[in-house]
Amino acid sequence: MAEATPKKPPDWKHITEPIHDAESLKQESINANHDHLITEIETSDGPLGTTLRAVYEGKELSKFRIRLDDKIRNHDREIERMCNFHYQGFIDSIRELLTVRQDAAKLKDEVQQVDQHLQESCVPLMTKGEELVKCRRIQGNIATAVESLNLCLPVLEMYRKLQEQMTSRRFYPALKTLEQLEHTYLPRVNSHWFAQTMADDIPKQRESIKEASMSDLKDFLENIRKHSGKIGEVAMLHAAEQNNMDPAIVKATRKKTKKRRAPPPPNPFTGEVDAPPPPVIQDEEDEIEDSAELSAQDLIDFSPVYRCLHIYSVLGDRERFETYYRKQRWKQARLSLQPPSNMHESLDSFKRYFHDIVGFFVVEDHILNTTQGLVNRAYIDELWEMAVSKLAASLRTNTVQCKDTSMLLDVKNLIILFCHTLRGYGFSVGHVLELLLEMRDQYNDVLTRQWVDIFNEIFSEDNYTPIYVESIEEYTAIVTQFPIQDENLERESFPKRFPFSQFVPDVYNQVKAYINACLKYSADLHLSHTEIDDMIRKSTNLLLTRTLGSCLSSLIKKPSLTLLQLIQISINMNYLEKSCLYLEEYISSITGAQNDSVHMARLHGTTMFKDAKSDAEEHIYKQLNLKIDEFMDLASYDWLLPEAKGHASGYVIDLVAFLQSTFMSFTNLPDIYLHLLEKVAKTACMSACKHIANSLKEFLLDNEIRQLTMGSLQQFNLDLIQCEQFAASEPIPGANDGNLTLAFAGIRQLLDLFLNWDWSLYLADYGQTNSKYVRVQPQVALSLLEKLHNADKKKNTIFGSLNKKERDKKKLLDTVLKQLRGLVNGSTQQIQG
């Protein structure tokens, strides 16, 4: 290539040229700028965007074009000059190339011949080479396959091992195998397609393990719900042995039953089902006895819980498992705490109820001590508080409906053993023990209701006659039943007669039996002697005052009781009253409390028996008065009788005979009775006399009687004399003090006033304390006198022929009536004033 014509240096103007004017300077500056841009276009190897932008943004584009055209024309002239300068050399080169072409064609033919010959000679070599390459490739593939198999075989072996573990439900090693497979073996074979398949299957395998372990846990929860009663029963049996309690109070009645076991569930991974086991006949009681030597925890396999907890912990889902377990166990706790229907009707129902609760908390305690955090103490305490509240409510409801004291005692023993059992596992049982004190009142109420029937049966079977004994054996049998100290009775020869009837020792022994029954409930409550003594005394007081007092009151009010029976009841009350001291001593002896303690409650039976005795005496008086009323109802007076019959009325004679025989029965009692009945007999006799006097007075003052005659008053006087003679005859020994006759003093003065017609003395002495007729009221005298006056009015036809004496008597009668009316009116005015 010819050399390029060297570029001429730019035609720069001399700077020293004088500047003629501003226009010329501007033109020079524009030309210099255009030259600079053209130079950049010529010399630049990169993009010309900046330069072209400067050209087009300038204001002298047309001048730039002119300048550029000039530059192009200059280059064209240089190119033409250079081509003219090298033309001859170009012609010479063409001629040389034509000569070389012939030589090149000849060389090409020779090369083709050599190439053909070489290819023909290399065909066998190429064949052998291809075979060698193929063998080398196969050998490499074999080496690669062996290497890949060496990497894949452990993975496949591990996966096979995983499948075997899953089939055999060995979830612990399966999880470990999955972890090794995922983190160690599968990364080595990531290039293989099955690695990704296995990697995708690993989460599914973990979920399968979780589901299988959860299925085992559900089976465990269902199984533990069924066997909680058995666990609780074994635990309570152990507690009974440790606390020296009778194990029989724990065992519930069971029957031998033919049990058909449920077929095993299919394997969750293989779907295979084992053959169902044959039915077995088993006695649950024998089974419990066989397992009594084992602990309650040994009866249940807790491995499903541990396995599931471990699996969920390893898989990072422990919190979910804990929540599920606690929720399910809380539901089961509510089911265990729900009492069976009509639990109060059967002791076995109470036993099974306690078995379920104990079994539940024994399991939870074992889970607490053998797992870390599955359940904690706060959760157990909350569960226990809920259980205690529901247990207390259930027991209150069912024990209130229980009417059998023996069952209540058994329930009490069950509660005590329940507390011993759970206290051994660390549970607080204070509130449950407080429930026993509440049940004590229910127990005492049931006892009291039972003793109502016992007392009523004693009263109905008693003959209300003194006890006769004919031998020392019979005598000893009575004195051993009831404490009686009577030297006179001991000195008497057989046959002997006790002052009381059979219901006294019977009542005394039944009160002791009640005390013993109350003491049975206090056993194993860990109360002090003083607390037990106070409890028994309070219960005994309620029995004596409320129960026995009510029974005695009902007994005394029976209308079928005779007077002698009421007398015997009154005598019995004396001895029962004295027996209260022996009952207090008996309570102190069985409770071990000090009898002289200032804080010891005294029995209120003494007051109750005194009240019962007073009630019996009142009924004696009422019965006697009712009998008197029966005789009085037989009275039939003819108030218009002209003259007296000369003897007392028949009803009065019969009444006096009855009273004499009645009070004679008092005096014929043995001396041992006399000091007991002396006051009662005197009071009864006085009450009878007063009642007779009041009844006689009511006869005279009966408003239905409008008329009466002096003859009827004289007959009435004969009856009164008969009653006064009875009162003066000393019907009760030692009662001849004049008090009995005073009962008839009022009616006697009234009759004497009319029979003696002693009105002048009555009117003169009226109002004075030493008056002979001080007991005669003006109203009574006026009423009786008016009845006499009414009877005299019927004799008006005869009055005209009366002699002077009769007329004077009539005049006196009118005068007395007037004065009596004045006294009555004066008394009324004084009262009103």
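Residues numbered from 1 in each chain as written. Predicted model: local features only at pLDDT ≥ 70, side-chain atom pairs only at ≥ 80, totals over all residues. Heavy atoms only, no water.

### What to know about the overall build of the chain
Point 1. The helix and strand tally for the chain stands at 27 helices and four strands.
Point 2. Of all 833 residues assigned to the chain, the portion counted as buried reaches 39%.
Point 3. For the chain, the share of sequence-separated contacts (at least 6 apart) that also reach a separation of at least 24 residues comes to 78%. (Helix = DSSP H or I, 4+ residues; strand = E, 2+ residues; numbered from the N terminus. Buried < 20%, exposed > 50% of the residue type's maximum accessible area, 1.4 Å probe, protein only. Contact = heavy atoms within 4.5 Å.)

### Digging into the pattern of salt bridges
Point 1. The tally for this structure, following the rule as stated, stands at 13 salt bridges.
Point 2. With a shortest N-O distance of 3.7 Å, K226 and E222 are connected by a salt bridge. Taken as a pair, K226 and E222 lie in helix α5 (residues 193-242) at a separation of four residues, close to a single helical turn.
Point 3. Under the relative-accessibility criterion, K226 is labelled exposed at 61%.
Point 4. Here E222 falls in the partly exposed class, since its relative accessible area comes to 44%.
Point 5. Residues R821 and E786 are paired through a salt bridge, measuring 3.6 Å at the closest nitrogen-oxygen approach. Here the residue R821 occupies a position in helix α27 (residues 804-832), and E786 occupies one in helix α25 (residues 778-793), the gap between them amounting to 35 residues.
Point 6. Here E786 falls in the partly exposed class, since its relative accessible area comes to 29%.
Point 7. Through salt bridges with shared partners, a single network forms among E724, R748 and D752. (Salt bridge = Lys/Arg side-chain N within 4 Å of Asp/Glu carboxyl O.)

### Quick look at the nonpolar core
Point 1. Core analysis: the largest hydrophobic core is formed by 183 residues, its most contacted members being W384, F418, F455, F459, L659 and F744.
Point 2. Not counting the four nearest positions on each side in its chain, L659 is found in contact with L624, I628, A688, I692 and F726.
Point 3. Residues C152, V155, Y185 and V189 belong to the second largest nonpolar core, which totals eight residues. (Core = buried A, V, L, I, M, F, W, Y, C linked by side-chain atoms within 4.5 Å.)

### As for helix α1 (residues 22-43)
Point 1. Across its 22 residues, α1 extends 32 Å between first and last C-alpha, which sits within 8% of the 32 Å expected from 1.5 Å per residue.
Point 2. Buried residues along α1 sit against α2 (49-57) and α3 (61-167). (Expected span 1.5 Å × (residues − 1).)

### Considerations on the environment of I454
Point 1. Within the secondary structure, I454 sits in helix α12 (residues 430-461).
Point 2. Residue class for I454 comes out partly exposed when judged on its relative accessible area of 23%.

### Focus on a nonpolar patch on the surface
Point 1. A cluster of nonpolar side chains, contributed by F90, I94, L97 and L98, occupies part of the molecular surface with about 400 Å² of accessible area.
Point 2. Among the structural elements, F90 can be located in helix α3. (Patch = residues over 30% accessible without salt bridge, like charges linked within 9 Å, V, L, I, M, F, W, Y side chains within 5 Å. Areas by Shrake-Rupley, 256 points an atom, 1.4 Å probe, with all protein chains shown as cover.)

### Thoughts on the packing of helix α16 (residues 529-556) against helix α17 (residues 563-591)
Point 1. Viewed as axis vectors pointing N to C, α16 and α17 meet at an angle of 170°, and their least axial separation amounts to 10 Å. Considering their axes alone, α16 and α17 lie roughly antiparallel with respect to each other. Contact residues: H529, I532, D533, I536, R537, T540, L552, L555 and I556 in α16; L566, I569, M573, E584, I587, S588 and T591 in α17. (Axes fitted to C-alpha atoms, helices over the stretch in contact; angles between N-to-C directions. Parallel < 35°, antiparallel > 145°, perpendicular 65-115°, else oblique.)

### Some points on the packing of aromatic side chains
Point 1. Per the stated rule, a full pass over the model turns up 33 aromatic pairs.
Point 2. Here the aromatic rings of W757 and W759 are separated by 5.8 Å at their centres, their planes lie at 90°, and the arrangement is edge-to-face.
Point 3. Judged by its relative accessible area of 21%, W757 falls in the partly exposed class.
Point 4. Residue classification places W759 among the buried residues on the basis of a relative accessible area of 1%.
Point 5. Taken together, the ring pairs connect Y353, F354, F360, F361, W384, F418 and F427 into an aromatic cluster.
Point 6. Stacked on the ring of Y521, the Lys or Arg K412 has its end atom at 5.7 Å from the ring centre.
Point 7. Its guanidinium or amino end placed over the ring of F494, K496 lies 4.8 Å from that ring's centre, counting from NZ or CZ. (Phe/Tyr/Trp six-rings, centres within 6.5 Å; stacked < 30°, edge-to-face > 60°. Lys NZ or Arg CZ within 6 Å of the ring centre and 35° of its normal.)

### Examining unusual backbone geometry
Point 1. With an omega of 0°, the peptide bond running from F494 to P495 counts as cis.
Point 2. Structurally, the position occupied by P495 is in the loop between α14 (487-491) and β4 (496-497).
Point 3. Positive phi, close to 55°, is recorded for N244, a residue that is not glycine.
Point 4. You can see N244 is positioned in the loop between α5 and β1 (257-259).
Point 5. The phi dihedral of Y464 is positive, around 55°, even though this residue is not glycine.
Point 6. Within the secondary structure layout, Y464 lies in the loop between α12 and β3 (468-469).

### Points about the state of the cysteines
As used in these notes, a disulfide is a covalent bond between sulfur atoms, one from each of two cysteines.
Point 1. Overall, the coordinates contain zero disulfides when judged by the stated rule.
Point 2. Here C685 is not disulfide-linked; the sulfur of C689 is the nearest cysteine sulfur, at 4.5 Å.
Point 3. On the basis of relative accessible area, C685 is assigned to the buried category, the value being 1%. (Disulfide = S-S within 2.5 Å.)

### Brief notes about the packing of helix α9 (residues 347-370) against helix α11 (residues 405-424)
Point 1. As a packed pair, α9 and α11 sit with axes 10 Å apart at the nearest point and diverge in direction by 10°. With respect to their mutual orientation, α9 and α11 come out roughly parallel. When α9 is examined against α11, the residues L347, F350, K351, F354, I357, V358 and F361 are found in contact with a partner set consisting of M407, D410, V411, L414, I415, F418, T421 and L422.

### Some points on the confidence of the model for the chain
Point 1. On average, residues of the chain score 77 in pLDDT, and 84% of them are at 70 or above.
Point 2. Here residues 1-8 is a poorly scored stretch, pLDDT under 50, and it has eight contacts once near neighbours within four places are set aside; other chains count.
Point 3. Overall, residues 256-263 carries pLDDT values under 50, and its contacts beyond four positions in sequence, including any with other chains, amount to 18 contacts. (pLDDT = per-residue confidence, 0-100.)

### Thoughts on α9
Point 1. With 24 residues, α9 extends 35 Å from end C-alpha to end C-alpha; this agrees with the ideal 34 Å at 1.5 Å per step.
Point 2. The buried count for α9 comes to 20 of 24 residues, which makes it a mostly enclosed element.
Point 3. Backbone nitrogen of D348 and a side-chain oxygen of the N-cap are separated by 3.2 Å at the start of α9; the cap is S346. (Polar contact = N/O pair within 3.5 Å; in protein donor to acceptor, adjacent residues only side chain to side chain.)

### Focus: the environment of L784
Point 1. Mapped onto the fold, L784 is located in helix α25.
Point 2. Look at L784 and you get buried, because its relative accessible area is 0%.
Point 3. Each C-alpha atom of the pair L784 and L750 lies 9.3 Å from the other, and the pair is 34 residues apart in sequence.
Point 4. Not counting chain neighbours up to four residues away, the residues in contact with L784 comprise L700, L708, L713, L750 and F754.

### Focus on the environment of Q623
Point 1. Structurally, Q623 can be placed in helix α18 (residues 605-632).
Point 2. Linking Q623 and L563, residues 60 residues apart in sequence, is a C-alpha distance of 6.5 Å.
Point 3. There is a polar contact of 2.5 Å between the side chain of Q623 and the backbone oxygen of L561.

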